Structure formats: C-alpha cells, structure tokens
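As a plain string of letters, each chain reads:
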Amino acid sequence: MHRFLLTPRWWGINVFVALAVPVCLFMGTWQLGRFEDRVDSHKEAAGARPTDQAAAPLDSLLPVDKKTSGRLASVSGEYADQLLVPERRLDGKSGFYVLTLLRTDTGKAVPVVRGWLPGAADAARAPAAPTGRVEVTGALQASESAGSKGVYASGGLPAGQLGVIGAAALVNLVPYGLYDAWLTVQTPADGLTPVPAQAPSNTGLDLKAFQNLGYTGEWFVFAAFVLFMWFRLYRREVETLRDAEAGLLPEPAERSTEPAPAPATASARPAE
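In this report, the structure presented in the accompanying data block is examined. Being a predicted model, the structure only gives us computed values, none of them experimental.

For the protein chain, the helix and strand inventory stands at 3 helices and 6 strands. Along the protein chain, helices (α) and strands (β) appear in the sequence α-β-β-β-β-β-α-β-α when read from the amino end. By residue count, 32% of the 272 residues in the protein chain fall in the buried class. Long-range contacts, defined here as pairs at least 24 residues apart, represent 66% of the contacts in the protein chain between residues at least 6 apart. Roughly 17500 Å² of accessible area belongs to the protein chain as shown, and the carbon and sulfur atoms make up 58% of that amount.

Structure below.
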C-alpha cells in the first residue's frame, strides 16, 4: 500500500518537505528572537536612569551606543555659533530647540540643546548663550539622520536654522571639527524648557519590531502549510490505491482490434 512513497516522484516530495520544514522553523525562531531583542532593548532604554548617577566625561562615553545613550556627560569649553532647530514638538506643542555649539579644549565642538521654546523659530526670542568658559552637563544623544523621528529633513530652511542635529548636517555650517553626538541640558536657564533625552534608535516597539513578530507567524504558517499539503497528497494517493483495489475506478475503454473499413471511393464509369 505504501510502496508509492519510494517512487521517484515521492522521493522528491519527501526531500522537499524534509528541507522546507526545518528552514521555516529556523527562520520563524530567528524572527521571534529579533522581536524579543527589541522588546528587551526597549525596556532597557525606557528604564529610568539613576538620579544619583554622576556625570562622566564626554570622551569616555563615545561613541554613543545603547548603554551610553541618555547618560549624563560633562564637558567644558566656550559657546560659539547658535542655531535654531524648528518644528520640534514637546508635550503636544510645536516649537523649536535652541542649539549652541560648545567648542571644547580639543578644538572640536559638541552641539548642545540648551532648551525648547514654543511657537515658530525666532532668533530674537532665543536667549544668548553664556560667555566665557563654561562647564556643561547634559544627556548624551546620538546624531540624528534624515530618517529620525521628528526631524525636518525637507531642506530650504533660512540661515541660522538646522533641520537635523548631527555632524553630517553641521559640517558645512561651521569651520571647526565636530563630535558625532549632542547633549541636551536637563536644567536649562533663561526660561527655556528642558528637552528630555530620547531612547536610542532601533530600541523601541516600532513598526520594525512588529514586522519581526509578523514574519515569525508567517514562517510558522509556512511550515504548517507544507506539512498539510504533504498529508493531503499522501491521503489522496492512498485513497486512489484503495479505490483501484476495490474496483471502484473506471476501467479505460477497450480498443477495437478489428481493422477500420477502407474509405469509400467513387468508381469511374466507363465511357460508352
């Protein structure tokens, strides 16, 4: 009854199933692991930083990663150019950041977001930065990109405004070197509202995380579908053999052994 499983056709089917199911299960497990990693990183990033954690020197926290993002960093120097970062929302309101570049003893500058003000970006409303040498402490943040949430990446901003906070966006605006990071002051002065630190990229429960979860379900469904189709083909083959043994299948029409009659031809009538 089951000798058909050894035929070349079924050998091909069985080998395909034996390879496809483990691959689907492996890919589903891998996608599930990716989703769990994103959940864990989201919990870690969303966790509150210790309030008594001392600020560390800026250079010791670079480059910015998931562990150092949001850490308090300290750096000293003198404030230089000041820019406005428009169309930034805080507490459901639209406003702008006041960003000032701090030139450090290394000669490089770090962008410092000194605070937020509501309304349209207006240089006249932005308080001037302190003069002379200052010590700045702020939450460390990774440089933004055009794909970062909340940035103004359309371009066409007037002079003195910046859409994306990062060294790549500032390199053509200032004549000195830049750190690939920025700070947001948590205790601003001059009536500015502090800008809270953001979680590092690729750590939240965003669309990518739920895509991983969706792919997990798809791969497991593929594995179940392969097994279902194998069982359906197997059952159909068994039923066909049983019907043949019981004589339930129609027999093929018998071919006639008699020779076919020759086609009739018109006989020629002799001329009189």
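And the narrative resumes.
The next thing to look at is the packing of aromatic side chains. A full pass over the atoms with the stated rule returns 4 aromatic pairs. Geometrically, the ring pair formed by Trp-219 and Phe-222 is edge-to-face, given 5.7 Å between the ring centres and 90° between the ring planes. Linking Trp-219 with Phe-222, this pair stays in helix H3 (residues 207–245), spanning 3 residues, or about one helical turn. Residue classification places Phe-222 among the partly exposed positions, given a relative accessible area of 41%. Aromatic side chains Trp-230 and Tyr-234 sit 5.4 Å apart centroid to centroid with 0° between the ring planes, which places their arrangement in the stacked category.

Moving on: the pattern of salt bridges. Side-chain pairs of opposite charge can arise whenever the charged atoms involved come near each other. Inspection of every chain in the model, using the stated rule, returns 5 salt bridges. Between Asp-105 and Arg-133 there is a salt bridge, with its nearest N and O atoms 2.7 Å apart. Of this pair, Asp-105 sits in the loop between strand S3 (93–104) and strand S4 (109–118) while Arg-133 sits in strand S5 (residues 133–142), placing them 28 residues apart in sequence. The residues Asp-105 and Arg-133 share a single accessibility class, namely exposed.

Conventions and cut-offs
For every chain, the first residue of the written sequence is number 1, and numbering continues from 1 along that sequence. Selection of residues for local features in this predicted model requires a pLDDT of at least 70, selection of side-chain atom pairs for listing and counting requires 80 or more, and totals for whole chains, interfaces and linings are taken over all residues. Hydrogens and waters are ignored; side-chain quantities use all the structure's heavy atoms. Secondary structure elements follow DSSP: runs of H or I no shorter than four residues count as helices, runs of E no shorter than two count as strands, and numbering proceeds from the N terminus. When a residue's accessible area, from a 1.4 Å probe over protein chains only, is under 20% of the maximum for its type it is buried; when over 50% it is exposed; and in between it is partly exposed. In this description, contact between two residues means that some pair of their heavy atoms is separated by no more than 4.5 Å. All accessible areas in this document rest on Shrake-Rupley with a 1.4 Å probe, and a residue is counted as covered only by the protein chains that are shown. For this analysis, a ring pair means two rings from Phe, Tyr or Trp (six-membered ring only for Trp) whose centres lie within 6.5 Å, classed as stacked if their planes differ by under 30 degrees, edge-to-face if by over 60, and tilted for the remaining angles. In the sections that follow, a salt bridge refers to a side-chain nitrogen of Lys or Arg positioned within 4 Å of a carboxyl oxygen of Asp or Glu.

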